[in-house]
Amino acid sequence: MVRKKTRPKSFNAPPIKLKCSELIKSHLQHFESFIKISASSSSQKYKIGDFPIVVYDVCDFVNDTVAYLHFKEDSTKCFLWWEEINDGKEKQVKFSYATCEVPYDVLKALTSPNQFQLICEITKPQSKNICIHVYIGSNLIVALNYASEPHMNRFRSKVQTVVKHFYGIAVEEYGKDFIDEEDHVEKVYECIKNRFDPNEKVLEVSHPSLIPKLRDYQSQAVHWMLKCESRENSCRDELDSHALYSELLLSDGSKLYYQIYGGFFVSKQFTSLPLARGGILADEMGLGKTVEVLACILLHPRMECISQKEQVIVILKL
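Residues numbered from 1 in each chain as written. Predicted model: local features only at pLDDT ≥ 70, side-chain atom pairs only at ≥ 80, totals over all residues. Heavy atoms only, no water.

Concerning a negative patch on the surface
And then number 1: On the surface, Glu32, Glu73, Asp74 and Asp105 cluster together to form a negatively charged patch.
And then number 2: Mapping Glu32 onto the fold places it in the loop between helix H1 (21-28) and strand E1 (33-38).
And then number 3: Since its relative accessible area comes to 39%, Glu32 is described here as partly exposed. (Patch = residues over 30% accessible without salt bridge, like charges linked within 9 Å, V, L, I, M, F, W, Y side chains within 5 Å. Areas by Shrake-Rupley, 256 points an atom, 1.4 Å probe, with all protein chains shown as cover. Salt bridge = Lys/Arg side-chain N within 4 Å of Asp/Glu carboxyl O. Lys, Arg positive; Asp, Glu negative; His and termini not counted. Charge placed at Lys NZ, Arg CZ, Asp CG, Glu CD. Helix = DSSP H or I, 4+ residues; strand = E, 2+ residues; numbered from the N terminus. Buried < 20%, exposed > 50% of the residue type's maximum accessible area, 1.4 Å probe, protein only.)

Let's talk about the pairing of E1
And then number 1: Only one face of E1 is covered, namely the one carrying Ser33, Ile35 and Ile37; the face carrying Phe34, Lys36 and Ser38 has none of its residues buried.
And then number 2: Where E1 and strand E3 (residues 66-71) come together, 6 bridges link them in antiparallel fashion. Of the residues in E3, the one forming a bridge with Ser33 is Phe71. (Pairing = 2+ DSSP bridges.)

A short note on the pattern of salt bridges
And then number 1: All chains considered together, the criterion is met by 2 salt bridges.
And then number 2: For Lys47, the salt bridge identified is with Asp50, shortest N-O distance 3.5 Å.
And then number 3: Residue Lys47 is classed as buried on the basis of its relative accessible area of 16%.
And then number 4: By relative accessible area, Asp50 is classed as partly exposed at 36%.
And then number 5: Across the pair Glu247 and Lys255 runs a salt bridge, and its minimum N-O distance is 3.6 Å.

Thoughts on the nonpolar core
And then number 1: Ranked by internal contacts, the top residues of the largest apolar core, which has 40 residues, are Phe51, Leu80, Leu110, Phe116, Leu118 and Phe265.
And then number 2: Setting aside residues no more than four positions away along its own chain, Phe265 makes contact with Ile136, Leu140, Ile141, Val142, Val159, Val163, Leu248, Leu256, Tyr257 and Tyr258.
And then number 3: Counting 9 residues, the second largest nonpolar core, distinct from the first, contains Val205, Met225, Leu226 and Ala295. (Core = buried A, V, L, I, M, F, W, Y, C linked by side-chain atoms within 4.5 Å. Contact = heavy atoms within 4.5 Å.)

What about helix H3 (residues 156-167)?
Counting along an α-helix, one turn takes 3.6 residues, and residues three or four places apart therefore face a common direction.
And then number 1: Here H3 is 12 residues long and its end C-alpha atoms lie 16 Å apart, about the 16 Å a rise of 1.5 Å per residue gives.
And then number 2: Looking only at H3, the buried set comprises Val159, Gln160, Val162 and Val163. Buried residues in H3, looked at end-on, bunch into an arc of 165 degrees, giving them a common side.
And then number 3: On its buried face, H3 sits against strand E2 (47-55), helix H2 (104-109), strand E6 (116-122), strand E9 (255-259) and strand E10 (264-266).
And then number 4: Gly168 occupies a position one or two residues after H3 and carries a positive phi of about 75 degrees. (Expected span 1.5 Å × (residues − 1). Arc of directions from axis to C-beta.)

Topic: the sheet that holds E9
And then number 1: If you walk across this open sheet you meet the 3 strands as E8-E9-E10, and the pairing is antiparallel. This sheet does not close on itself; its edge strands, each paired only once, are strand E8 (245-249) and E10. Along the sheet, successive strands turn relative to each other by an average axial angle of 35 degrees, direction set aside.
And then number 2: As paired elements, E9 and E10 share 3 bridges and run antiparallel to each other. The partner of Gln259 across the bridge, within E10, is Phe264. (Axes fitted to C-alpha atoms, helices over the stretch in contact; angles between N-to-C directions.)

A closer look at the environment of Thr76
And then number 1: Checked against the element boundaries, Thr76 lands in the loop between E3 and strand E4 (77-85).
And then number 2: Using a relative accessible area of 37% as the deciding quantity, one classes Thr76 as partly exposed.
And then number 3: Sequence-wise, Thr76 and Ala98 are 22 residues apart; in three dimensions their C-alpha atoms are separated by 8.3 Å.
And then number 4: If near-sequence neighbours (up to four positions away) are discounted, Thr76 is found in contact with Ala98, Thr99, Cys100 and Glu101.

Looking at the packing of helix H6 (residues 216-230) against helix H7 (residues 289-299)
Each pair of packed helices gets described by two things: the angle between the helix axes and the distance between those axes.
And then number 1: Two numbers describe how H6 lies on H7: the axes approach to 9 Å, and their chain directions differ by 45 degrees. With respect to each other, H6 and H7 are oriented oblique. Judged by the sense of rotation from one axis to the other, the crossing of H6 with H7 is right-handed. Of H7, the residues touching H6 (which contributes Tyr217, Gln218, Ala221, Val222, Met225, Leu226 and Glu229) are Val291, Glu292, Val293, Ala295, Cys296 and Leu299.
And then number 2: Among the residues making up the contact of H6 with H7, the classes are represented as 10 nonpolar, 1 polar and 2 charged. (Parallel < 35°, antiparallel > 145°, perpendicular 65-115°, else oblique. Left-handed = near helix turned anticlockwise from the far one by under 90°. Nonpolar A, V, L, I, M, F, W, Y, C, P; charged D, E, K, R; others polar.)

Section: the packing of aromatic side chains
And then number 1: As enumerated under the stated definition, the model contains 10 aromatic pairs in all.
And then number 2: Aromatic ring contacts, followed pair by pair, group Phe31, Tyr56, Phe79, Phe95 and Tyr97 into a single cluster.
And then number 3: Sitting over the ring of Phe31, Lys72 keeps its end group 5.8 Å from the ring centre.
And then number 4: Above the plane of the ring of Tyr97 lies Lys77, whose end atom (NZ or CZ) is 4.5 Å from the centre. (Phe/Tyr/Trp six-rings, centres within 6.5 Å; stacked < 30°, edge-to-face > 60°. Lys NZ or Arg CZ within 6 Å of the ring centre and 35° of its normal.)

Considerations on H6
And then number 1: Its 15 residues place the ends of H6 21 Å apart at the C-alpha level, agreeing with the 21 Å of an ideal helix rising 1.5 Å per residue.
And then number 2: Taken residue by residue, H6 has Gln218, Ser219, Ala221, Val222, His223, Met225, Leu226 and Cys228 as its buried positions.
And then number 3: Close packing links the buried residues of H6 with H7.

Here it is, written out as structure tokens:
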């Protein structure tokens, strides 16, 4: 039997090429991941949120400083280090332990620099409170031709985690228990049934020309069809956002539209189409779709057909 040698998993820490690198590395071995933070905001746009960290020692960042915040699961304790140039124009590393209350999965989602940019801001000089601003990366702003145009974002789970943390918008998840159970069909019917208002009164839908007497569920189906055919095309506000998108109001007053399931953003608002008259009657075979449609035709005939019939009758009388 040949034993295959594998390299041990090592933590992918940022490069440290300074004299005190061994000291820094001795601290980093206690942490699992890190996020890169810049001290200059430059021309960043689309800030979706911020969070505070509290350092143990005073930190005075200068412009163009790049810092690294290391963290681990099940702990609010973090390690922050950065490089500075002293009076002798030599690079030196400074560091401090810190506390961060942001959940681990959110920090883990922010580790992708191409998806999010993190900018630090020290609220007051010689302060131990640092505010981290989170900006959306430019590659997450997508230009689409139409609302349902497919776009693949392999980091969508990270984006969904961050948006859920800052805006509370979560993607509905359906567990395997719902699919594996034998009574999943009954659960589907129960979900559909719950969409109807039990207190809604079903109107009488009988017609003298209709010989069969409709059952209760058939009367309910005819009542639903009459509602679908009688609604106006303009009943929905044309400015409503498309169902696939949620509107996000950013801190600078601008708006982005978040594609919930794709995990990306668009700057253009896609509006929902107005509801058209009509619908789809999808009762199972044998439940009486034919008699339901006949009742709908009798109770809600097309007005132009009635006027044409009257004209024909008048011509015959002449």
